[in-house]
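# Topology and contacts: notes
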Amino acid sequence: MKSDHDLSTRCVHAGEVRDAEGSPHTPIYNTTTFGFTSTADLLDVVEGRRPGNLYTRYGLNPTIRSVEVKLASLENAESALVFSSGMAAEAALFFAHGRRGIVCLGNAYGGTLQLLSDQLPLVGVPTFLLQGEDAGRLAEVLQKEGPGLVFFETPTNPTMEIFDIREICRLSRSFGALVAVDNTFASPINQQVLALGADIAVHSATKYLGGHSDLTGGALMGSKDLIEAVAPWRKNLGQMMAPEIAALLARSLRTLPIRVERQNQTAQAVAEAMRDHPKVARVLYPGLPDFPQHDLARSQMSGFGGMLTLEIHGSGEDATKVVDRLELFLIAPSLGGPESLATQPMTTTHFGLTPEERRKRGITDSMIRFSIGMEAAKDLIGDLHNALKNI
Ligand code: PLP
């Protein structure tokens with residue numbers, strides 16, 4: 001697929017293997033292994049003389065390779081790997097490229113923070129979590145500790161903080177560190193992290209890429225060399241995505257642009273409608289012109305995504321009342337699906353933290369995080385108005 005085709009064209013066509021039966025897209029090769037006509041034929045594949053199918057856990061399965069070509073194309077990368085979950089993708093990345101040390105900037109996903117703070121140090125990987133104001137210490141940590149990898153999300157959960165991808169990549173590169181950006185919140189439709197200077201794009205495919213709340217998966221995209229170095233970790237940690245899930249993911253990727261564009265528009269409309277609501281203290285959405293980092297967001301995002309956070313006037317209990325009164329928004333973690341979701345960071349994603357730790361991360365008890373789905377904006381706004389009555 002030509003890389004000068006538009007992203008939406010690549011979402012439909014890239015990677016598709018059309019078989020002799022005339023299927024418009026890659027069939028599901030629902031098999032664990034592949035047969036050969038002779039030992040010499042098998043050895044040609046095993047010893048790398050020709051590409052071929054071999055064993056599904058290795059990723060040598062046409063359905064898996066097909067979705068990887070599509071995923072690489074979405075981030076304009078040379079190569080991509082799929083995984084059984086976003087966390088599997090991160091774990092393999094950290095083992096392959098983070099052994100000299102990993103710096104994590106800002107509020108990453110809770111599972112990522114736990115892996116970095118509690119588990120990787122147990123196997124000797126040095127990790128440095130720079131949250132809140134500590135994010136400003138990146139240059140100092142790069143200089144003193146010599147880590148091999150800088151990792152961050154942008155926008156972050158739940159405060160929608162924006163990190164300057166170009167600047168962080170410039171700084172990290174000057175100290176010889178690779179940069180991996182978790183692009184799950186924005187999706188490749190709204191933010192092209194490799195074009196902005198990152199070495200590796202990370203995705204929980206469970207979210208926008210999967211887009212229907214019906215699959216769990218992960219992906220890494222980057223240069224051939226960097227991605228090939230991760231493949232043996234995926235293979236021997238057994239983190240492969242099943243072929244049925246790879247086909248389901250490819251199905252979803254074909255409609256990714258229209259889904260994300262619709263979610264962008266609806267989130268913008270909800271954010272604007274909530275901005276002047278008397279019960280709402282702050283709307284955290286990068287697409288609002290008065291969002292403190294709106295200009296930075298505009299400089300690196302082409303759309304502002306479907307995630308937004310409201311801080312209401314009132315207590316954590318008042319925020320709980322609002323969440324419990326919502327009828328269209330499900331109370332559920334996760335994001336990126338067709339159903340709008342609401343969560344209170346205090347009771348879900350940041351439950352284990354003390355109020356002081358939450359404050360350090362800019363998270364208050366009266367915040368509610370929303371994942372905007374595919375419903376009509378007016379219905380979601382109506383639901384929010386009802387839930388905010390008499391708080
Ligand atoms: N990255 C981000 C930004 C996430 O929100 C999540 C999960 O919520 C993950 C990574 C982990 O993904 P998964 O649940 O697919 O393992």
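Structure: see above.
It is worth spelling out the site of the ligand at this point. Looking at the ligand, the residues that line it are Ser85, Gly86, Met87, Glu90, Tyr109, Glu153, Asp182, Thr184, Ser204, Thr206, Lys207 and Gly217. Backbone polar atom of Gly86 to an oxygen atom of the ligand: 2.9 Å apart, as the coordinates give it. Measuring from an oxygen atom of the ligand, one finds a side-chain N or O atom of Lys207 at 2.8 Å. The fraction of the free accessible surface of the ligand (390 Å²) that becomes covered by protein chains is 89%. The element that contributes the greatest number of residues to the shell around the ligand is helix H4 (residues 86–97), accounting for three residues. Considering only residue class, the shell around the ligand consists of two nonpolar, six polar and four charged.

What follows covers helix H7 (residues 165–174). Along H7, the residues classified as buried are Ile165, Ile168, Cys169, Leu171 and Ser172. Looking down the long axis of H7, one finds its buried residues gathered within 170 degrees of arc, a one-sided arrangement. Taken together, the buried residues of H7 touch strand S2 (102–105), helix H6 (138–145), strand S4 (149–153), strand S5 (178–182) and helix H12 (294–300). Positioned one or two residues after H7, Gly176 has a phi angle of 75 degrees, which is positive.

On to the pairing of S5. In terms of burial, S5 is largely enclosed, as four of its five residues are buried. Looking at chain direction, S4 and S5 are connected through five bridges and run parallel. Pairing of Phe152 across the sheet is with Val181, part of S5. As judged from the three bridges shared by S5 and strand S6 (residues 200–204), these two strands associate in the parallel manner. Considered in S6, the bridge of Asp182 is made with Val202.

A few words now on the sheet that holds strand S1 (residues 79–83). What the seven strands build is an open sheet, ordered S1-S7-S6-S5-S4-S2-S3; its pairing is mixed. Only two strands of the sheet have a single neighbouring strand rather than two, namely S1 and strand S3 (127–130). Across the sheet, the mean angle from the axis of one strand to that of its neighbour is 20 degrees, orientation sign disregarded. Where S1 meets strand S7 (residues 218–222), five bridges bridge the pair, whose relative direction is antiparallel. Within S7, the position partnered with Phe83 by the bridge is Gly218. This element, helix H9 (residues 224–237), spans S1, S5, S6 and S7 of the sheet and lies at about 25 degrees to S1.

Examined against the element boundaries, Asp318 turns out to sit in helix H13 (residues 316–325). By relative accessible area, which is 18% here, Asp318 ends up buried. Residues contacting Asp318, with those up to four places away along its chain left out, are Ile312 and Ile391.

Criteria and thresholds
- Residues numbered from 1 in each chain as written.
- Predicted model: local features only at pLDDT ≥ 70, side-chain atom pairs only at ≥ 80, totals over all residues.
- Heavy atoms only, no water.
- Near = heavy atom within 4 Å.
- Polar contact = N/O pair within 3.5 Å; in protein donor to acceptor, adjacent residues only side chain to side chain.
- Areas by Shrake-Rupley, 256 points an atom, 1.4 Å probe, with all protein chains shown as cover.
- Helix = DSSP H or I, 4+ residues; strand = E, 2+ residues; numbered from the N terminus.
- Nonpolar A, V, L, I, M, F, W, Y, C, P; charged D, E, K, R; others polar.
- Buried < 20%, exposed > 50% of the residue type's maximum accessible area, 1.4 Å probe, protein only.
- Arc of directions from axis to C-beta.
- Contact = heavy atoms within 4.5 Å.
- Pairing = 2+ DSSP bridges.
- Axes fitted to C-alpha atoms, helices over the stretch in contact; angles between N-to-C directions.

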